[in-house]
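# Structural overview for review
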Amino acid sequence: MMFRYAKLLKYCLALILVLIVSVCSPDGKASDSDYKLTFWSSNNSFEIQHAREIVSKWNEMHPDLQVKYQPVPEGRSSEEVILAAIVSKSTPDVYTNIWPGVMQQYVEADIMVRLDQFPDFDSLYSTRVPISLHDKFRSRDGGVYQFPWKCNPIVIYYNKRMFEDLGIEVPLRTYSEFFQAAEKLTRDTDDDGYTDQWMMDVDINTEWWHRFFDFYTMFIAASGGKTFIDIDGSIAFDSPAGIQVFDFLRHGYQKGYFPNAFFQGDVFLQQKVAVHISGPWNISHLEKYKDDNFEYGFMAIPVPDDYEGKSFTYGDPKCAGIFKTSKNTGAAWQFLKFMLTEQSDKRLLEITNQLPIRKNISRNDNFSGYFKEHPQYNFFADMIPNIVSVDQSIYLQEMFDIISQEFDAACVQGLKSSQEGIRYASERCRSLVRMEEL
Amino acid sequence: MSSPYLIFFLIFSVYPILFSLTLVFHRWNIISPMKFVGLENISYLIHDPLFWKSITNTFYFLLIHIPLQVVLALVLANALNRKMRGMTFFRASFFLPVVISGVVVTILWKSLYSTETGLLNNLLIHLGLFKIPWLTSVHWAMPSIAIMATWKNVGLYTVFFLAGLQGIPRHLYDAAELDGASAFQQFIHITVPILNPVVLMVVILSTINGFNLFIEPYVTTGGGPVNSTLSVVLYIYRQAFSFYKMGYAATLGFSLAMIIFIVTLIQKRVLEKDM
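Reading the values: the criteria
Residues numbered from 1 in each chain as written. Chains lettered and ligands numbered in written order. Predicted model: local features only at pLDDT ≥ 70, side-chain atom pairs only at ≥ 80, totals over all residues. Heavy atoms only, no water. Contact = heavy atoms within 4.5 Å. Buried area = accessible area lost by both parts, 1.4 Å probe. Salt bridge = Lys/Arg side-chain N within 4 Å of Asp/Glu carboxyl O. Polar contact = N/O pair within 3.5 Å; in protein donor to acceptor, adjacent residues only side chain to side chain. Helix = DSSP H or I, 4+ residues; strand = E, 2+ residues; numbered from the N terminus. Patch = residues over 30% accessible without salt bridge, like charges linked within 9 Å, V, L, I, M, F, W, Y side chains within 5 Å. Areas by Shrake-Rupley, 256 points an atom, 1.4 Å probe, with all protein chains shown as cover. Axes fitted to C-alpha atoms, helices over the stretch in contact; angles between N-to-C directions. Parallel < 35°, antiparallel > 145°, perpendicular 65-115°, else oblique. Left-handed = near helix turned anticlockwise from the far one by under 90°. Nonpolar A, V, L, I, M, F, W, Y, C, P; charged D, E, K, R; others polar. Buried < 20%, exposed > 50% of the residue type's maximum accessible area, 1.4 Å probe, protein only. Lys, Arg positive; Asp, Glu negative; His and termini not counted. Charge placed at Lys NZ, Arg CZ, Asp CG, Glu CD. Expected span 1.5 Å × (residues − 1). Bend = angle between axes of the 7 residues up to and from the residue. Phe/Tyr/Trp six-rings, centres within 6.5 Å; stacked < 30°, edge-to-face > 60°.

So, about the interface of chain B and chain A. If you look at the interface, chain B gives 38 residues, while chain A gives 37 residues. Across the chain B/chain A interface, buried area totals approximately 3,300 Å², and carbon plus sulfur atoms make up 59% of it. The interface formed by chain B and chain A contains 2 salt bridges. For Glu398 of chain A, the salt bridge identified is with Lys245 of chain B, shortest N-O distance 2.8 Å. The tally of links from chain B across to chain A stands at 6 residue pairs in polar contact (both at pLDDT 80 or more). Residue assignment for the side of chain B that touches chain A shows that the elements contributing at least two residues are helix H1 (3-24), helix H5 (102-113), helix H11 (215-220) and helix H12 (232-242) of chain B.

Dropping the structure here:
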């Protein structure tokens, strides 16, 4: 009996060893001649279709350097999956769904290939990326490790019928105009003594990433395109613009224009709210599920009454990058450039309805056919030069968490003033920035 | 003979515990090398107001959840400990929430609790009462979560009590009846004392499960409003998997384990004294 156990144990251990060696091997390739580039993309069905098409074209044109494609494995978030891949050293050569908020962590862990080392980087970067965005994707050491690939500018969707019924003119540019409309649009439609139609839904969940679609987007608009950390390391939202945004949100909750409630389903589609903050991905969702009489339009994010300047917004960008686990970074760069050609971008737009980060896209002849067929996307394409990304900080998530806690206390619950909320949040963020400098 | 167990124990218990203990003295974000920081994590924990807030919240949750669960489980077990038509169906019904996924149960309750569109508030309005901000008020959120957690788990403890009740000799009740004891007196003087070991087990298991409160606040409130439903485990989860502060998360984890150990030890001493 003992002998059988010992034998079984030996076989099991041998099997585990073989599995570990084969799975965790950093390259997993048999020889240089068999070397294939690996490429991961986002795992939504449209992007999979786009990636397959691009890879198949590349493989036809480059029989000597084949690309093996797979969508990023399923997980709670793609960032978590990439993290697991980094730890097990099984990252792909090229990945195209990098959220810039995690890039600084990757850079500090020395796992990304610096892209501006390639001789033809500058020409591609300056041809493709709008000038206003050139420095937004640069890391703290001055290098560029991510190539801005696509974006989803955040705007306000509004219910056309609700606005027309009450004779409200669009766009609502300032906070005052917004609240004048809110006064009319927030109503008790069935006279039971309770509001059942609100101006706007602002998610009350305090999970950090929710603040991208309310406070952060509104702060970018109110501050003329600033992010949380200024160039000199100071906290930018500790400013009149930050307080004005908190005041706006606080006023909205106190007046009952924004519901302090959790809902199931899409309240904009259910016509319980008149306006909704979202990106272009929402168009296909609305088109699929809307009633025949449901019409919607777009507006830029409202700004404080005294604001003068362009309409800025959060761009929710995604970037492409090359991991250092790649055994042929030169070839990976060639493939990445192939992903970024005008033709690839056109197919990205046509297949996924996602906007490539590209200069003058709505006025480019190659893309004009698409925008004629899909006029809703023009509004988003015109916003591209004025999109803003996120700070290059390893404490970004924590900063958003701090803001979220203060948003909850000051704006939703009204337990402190906007000034107190902003001041406390900025003090805590300042100590994080100090920690980063240590 | 014990080798398989030993290997299992070394890989899945000893190694993680030792690794976590190492993490307590390090700063580590998974992808960068570990950095030794000595007692920095422990010092940060002592001065971290959110950690103490999460501890207070968890104790508040336990204060509502455990008595509610013990009393409700005992009442249900008594009601189910008799012969009547459809008893198996009723017993299975009360046990059903235990085997349903916690996430599913929580999503359903979130829908019931919705301030504006929830079934509970619609019912209150029809009764001429007012809406309750179940999950959106600082005062209501944690009790609402405690009710939800009780509904989910009470079936399991009902089964424990039911097993305990079925072990009580019938002749004790017969003798009490002859002596003229009422049903309530029989319950207080026979059922409760004999069930004391089961009560001890239920209290200890509820406490350990209660300290691990996570799914309910994670799915419903995210720890809000104003951190009033931030449990210790939710806080650990955030530190580990939102901010990748593995060293601090390990420190929080060890502290929680020590607190659970001390509390259950006190409960055991107090309840065993009464036996």
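Side chains of Tyr5, Leu6, Phe8, Phe9, Leu10, Ile11 and Phe12 of chain B sit close together on the surface and give an oily, nonpolar patch of about 750 Å² of accessible area. If you trace the backbone, Phe8 of chain B turns up in helix H1.

Glancing now at the packing of helix H8 (residues 170-178) of chain B against helix H9 (residues 183-194) of chain B. All names here are of chain B. Running from N to C, H8 and H9 cross one another at 160°; their axes reach a closest spacing of 10 Å. With respect to H9, the axis of H8 lies roughly antiparallel. When you trace H8 past H9, the crossing you get is right-handed. In this structure, H8 contributes Leu172, Tyr173, Ala176 and Glu177 to the contact, and H9 contributes Gln186, Ile190, Thr191 and Ile194. The residue inventory of the contact of H8 with H9, partitioned by class, reads 5 nonpolar, 2 polar and 1 charged.

All names here are of chain A. Under the defined criterion, the tally for this structure stands at 25 salt bridges over all chains. Residue Lys337 pairs with Asp120 through a salt bridge whose shortest N-O separation is 2.2 Å. Pair noted here: Lys337 is in helix H11 (residues 329-339) and Asp120 is in the loop between helix H4 (103-108) and helix H5 (121-128), with a separation of 217 residues, a long-range link. Asp120 gets classed as partly exposed once you look at its relative accessible area, which sits at 25%. Across the pair Asp238 and Arg430 runs a salt bridge, and its minimum N-O distance is 2.7 Å. Of this pair, Asp238 sits in the loop between helix H8 (215-223) and helix H9 (240-254) while Arg430 sits in helix H16 (residues 418-437); the two residues are 192 residues apart in sequence, bridging distant segments of the chain. Given the relative accessible area of 30%, Arg430 is considered partly exposed. A network of salt bridges, in which partner residues are shared, links Glu53, Lys57, Lys346, Arg347 and Glu350.

Moving on, we get to a negative patch on the surface. Residues and elements named next belong to chain A. Where like charges cluster on the molecular surface, the negative patch consists of Glu177, Asp305, Asp306 and Glu308. In this structure, Glu308 sits in the loop between strand E8 (296-299) and strand E9 (313-314). Overall, the relative accessible area of 76% leaves Glu308 in the exposed class.

On to unusual backbone geometry, then. With the exception of glycine, the majority of residues adopt a negative phi angle, and the majority of peptide bonds are in the trans configuration. Across the junction of Val170 of chain A and Pro171 of chain A, the peptide omega takes the value 0°, indicating a cis bond. Mapped onto the elements of the fold, Pro171 of chain A is located in the loop between helix H6 (160-165) and helix H7 (175-185). Looking along the chain, the bond that leaves Gly224 of chain B and enters Pro225 of chain B is cis, with omega of -5°. Its location among the elements puts Pro225 of chain B in the loop between H11 and H12. Despite not being glycine, Val226 of chain B shows a phi value in the positive range, around 50°. Along the chain, Val226 of chain B falls in the loop between H11 and H12.

A few words on helix H4 (residues 87-99) of chain B. Compared with an ideal rise of 1.5 Å per residue, which puts 13 residues at 18 Å, H4 of chain B spans 19 Å between its outermost C-alpha atoms and is within 8% of the ideal. The sharpest bend along H4 of chain B comes to roughly 30°, located at Ser93 of chain B, with the proline Pro97 of chain B sitting one to four residues further on.

Residues and elements named next belong to chain A. Across all of its chains, the model carries 68 aromatic pairs over all chains by this definition. Seen in terms of ring centroids, Phe179 and Phe248 are 4.9 Å apart; in terms of plane orientation they differ by 35°. Their pairing is tilted. Remark: Phe248 occurs in helix H9 and Phe179 occurs in helix H7; sequence separation between them is 69 residues. For the pair shown, Phe179 and Phe248 are each scored as buried. Each ring, one from Phe215 and one from Phe246, has its centre 5.2 Å from the other, and the planes form 80°; the classification is edge-to-face. Here Phe215 is found in helix H8, whereas its partner Phe246 is found in helix H9, with 31 residues between them in sequence. For Phe246, a relative accessible area of 0% translates into the label buried.

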